[in-house]
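Here is what each chain is made of, one letter per residue.
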Amino acid sequence: MLTTRPRGTSDILPGEVEKWQYVEECFRRLCREYGYAEIRTPIFEHTELFNRGVGDATDIVEKEMYTFRDRSDRSLSLRPEGTAAAARAYLESNLNAGPQPVKLFYTGPMFRYDRPQAGRYRQFHQVGVEVFGSPRPAVDAEVIAMAMDFCGRLGLKLELHLNSVGCPDCRPVLREKLTAYFRAHQNDLCADCLRRLASNPLRALDCKVPRCRELAKNAPTSLDCLCGSCAAHFQDVQKYLKALGIDYVVDRYLVRGLDYYTKTAFEMMAPGIGAQSSVGGGGRYDNLVETIGGPPTPGIGYAIGLERLLLAMQEQGSELPGRDRPDVFLASVDDTLESEALQLLQTLRQKGLAADKDYLGRSLKAQMKYAGKTGAPAVVILGKEELARGMIILKDMTTGAQKEVPAAELAEEIGKLRRKGSTS
Ligand code: AMP
């Protein structure tokens, strides 16, 4: 136990973490360009927020939440997703009283107690955005375009699936049709779907049990029941996506796992990464803010899972950075030069170079070997005699060439080797 991490969690180690940083950095840049500001909410919230804001009848709330009581006997839950908390913060901080829409982004770990498998973990990481305060279909198009742009920048080709799940006006029609359809086939439904038939027949469309899936194939869908306003909204979203040159398929069976979705729902799929092929998804949730106690406020957002994003990138051969390496490694001829070595290291770092040295008292030969392993394109060798003359030995690790450089010019010379190293 002491040396084993909990099931469904990962350590992201050096060598791997650079890939995460690269993807996160790309997302931050994207958000800046699209006008989204970062929000950081707590890792845990009152359980009630998720019961209401995600929905009691969802798998997430019913089966997958990490819920615990704290020392004051409050029921808290680790966040299983980011939208409910963003909506809570939007209300709690009165962002709804300022200029609208409010465009937010977040990144961070989420927690769901599910059976771990490739692409499915108990602690996983999402990046996501939420837009509060605009009902207009152009926002739907922007949000979808942004998610696709992000994946495109990372070299990913994903399939965009698009649907409209309707609104409270059209949903009763769908519920009725679905309930009638599934009742007529209730002997073939799994126990979960049968139980949820009365509370949420929509969920049967999303069930993973093979015989429910078969049934779902012929079930009536939301697209058969859209009210006039939802139908027009869906048409507009498609018109704007076409104007932006974004390919999509209308997937009438796409229902998102969460209860609060209205109108647009979308999902980005990477078929090559196995059973868990959804890299990200989102949609409109015009009733969420009201559900958690705020004024009627339209909203839309998406979340992308970073583990699956990275899996898809590896699968599709996208370029990813390797392990970070120092710009320069500092070796000393003997350890009587420790003070000078530490001083020089600080000077180089203050000039913006990533610099490191030996801390195990290795011989010069061993230091050079270790320097090679770090991948540094340059090694500085401190020798007493050279130092006395104001000179330092600089070795180009790519060519093996070595020369003496005046101490004052050292940083600049290392900079040249760094640039050469980064293009080789
Ligand atoms: P959702 O919040 O369920 O709409 O999921 C959005 C995205 O988060 C999915 O497309 C996945 O990329 C990712 N995701 C959801 N659940 C998990 C999980 N248990 N493990 C890893 N990634 C997940």
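Residues numbered from 1 in each chain as written. Predicted model: local features only at pLDDT ≥ 70, side-chain atom pairs only at ≥ 80, totals over all residues. Heavy atoms only, no water.

## Concerning the overall build of the protein
- What the protein contains, in helices and strands, is 15 helices and 16 strands.
- Rg of the C-alpha trace for the protein: 28 Å, well past the compact-globule value of 22 Å for 424 residues, more than 25% over.
- Along the three orthogonal principal directions, the C-alpha set of the protein runs to about 90 × 50 × 45 Å.
- When each of the 424 residues of the protein is scored for burial, the buried share is 51%.
- Taking contacts inside the protein between residues at least 6 apart in sequence as the whole, the part at least 24 apart equals 69%. (Helix = DSSP H or I, 4+ residues; strand = E, 2+ residues; numbered from the N terminus. Rg over C-alpha atoms; globule rule 2.2 N^0.38 Å. Buried < 20%, exposed > 50% of the residue type's maximum accessible area, 1.4 Å probe, protein only. Contact = heavy atoms within 4.5 Å.)

## Section: the packing of aromatic side chains
- With the rule as written, the count across this model stands at 9 aromatic pairs.
- Ring centres 4.5 Å apart and planes at 20 degrees place the aromatic pair Tyr90 and Phe132 in the stacked group. Of the two residues, Tyr90 sits in helix 4 (residues 83-92) while Phe132 sits in strand 6 (residues 123-132), which places them 42 residues apart along the sequence. As far as the burial class goes, Tyr90 and Phe132 line up, both buried.
- Ring geometry for Phe329 and Tyr370: centres 5.5 Å apart, planes at 70 degrees, overall edge-to-face. Placement of Phe329 in strand 12 (residues 328-332) and of Tyr370 in helix 13 (residues 364-374) is noted, with a sequence separation of 41 residues between them.
- Classification of Tyr370 by relative accessible area gives partly exposed; the value is 32%.
- What links up through ring pairs into an aromatic cluster is the set Phe27, Phe105 and Phe150. (Phe/Tyr/Trp six-rings, centres within 6.5 Å; stacked < 30°, edge-to-face > 60°.)

## Digging into the site of the ligand
- Near the ligand you find 13 residues, and of these Arg112, Tyr121, Arg256, Ser278 and Val279 are the closest.
- At a separation of 2.8 Å, an oxygen atom of the ligand approaches a polar side-chain atom of Arg112.
- Between an oxygen atom of the ligand and a main-chain N or O atom of Val279, the distance comes to 2.8 Å.
- Listing elements by their share of the shell around the ligand, those giving two or more residues are strand 6, strand 10 (278-284) and strand 11 (299-305).
- Top element by residues in the shell around the ligand is strand 10. It accounts for 3 residues.
- For the shell around the ligand, the residue count by class is 4 nonpolar, 5 polar and 4 charged. (Near = heavy atom within 4 Å. Polar contact = N/O pair within 3.5 Å; in protein donor to acceptor, adjacent residues only side chain to side chain. Nonpolar A, V, L, I, M, F, W, Y, C, P; charged D, E, K, R; others polar.)

## Overview of helix 13
- Listed in full, the buried residues belonging to helix 13 are Gln367, Met368, Ala371 and Thr374. One side of helix 13 holds all its buried residues, which, seen down the axis, span an arc of 115 degrees. More than 90 degrees from the buried face of helix 13, the exposed residues found are Lys365, Lys369 and Lys373.
- The secondary structure elements touched by the buried residues of helix 13 are strand 12, strand 14 (378-382) and strand 15 (391-396).
- Just past helix 13, the residue Gly375 takes up positive phi, approximately 80 degrees. (Arc of directions from axis to C-beta.)

## Quick look at the domain arrangement of the protein
- For the protein, the assigned domains read domain 1 (17-170 + 226-316) and domain 2 (328-423).
- Its C-alpha centre places domain 1 at a distance of 48 Å from the equivalent point of domain 2. (Domains from an automatic or database assignment.)

## Looking at the packing of helix 5 (residues 137-153) against helix 9 (residues 228-243)
- Two elements in contact, helix 5 and helix 9, have axes whose closest approach is 8 Å; the angle formed by their N-to-C orientations is 45 degrees. Judged by the angle between their axes, helix 5 and helix 9 are oblique. In this structure, helix 5 meets helix 9 at a crossing whose hand is right-handed. Contacts from Pro137, Ala138, Asp140, Ala141 and Ile144 in helix 5 reach His233, Asp236, Val237, Tyr240 and Leu241 in helix 9.
- Taken together, the residues of the contact of helix 5 with helix 9 break down into 7 nonpolar, 1 polar and 2 charged. (Axes fitted to C-alpha atoms, helices over the stretch in contact; angles between N-to-C directions. Parallel < 35°, antiparallel > 145°, perpendicular 65-115°, else oblique. Left-handed = near helix turned anticlockwise from the far one by under 90°.)

## Points about the sheet that holds strand 5 (residues 102-111)
- Strand order in the open sheet formed by 8 strands is 1-5-6-11-10-9-7-8, and the pairing between neighbours is mixed. Of all strands in the sheet, those bounded by a partner on one side alone are strand 1 (37-38) and strand 8 (249-250).
- With 5 bridges connecting them, strand 10 and strand 11 associate as antiparallel partners. From the neighbouring strand, Gly281 faces strand 11, where its bridge partner is Ala303. (Pairing = 2+ DSSP bridges.)

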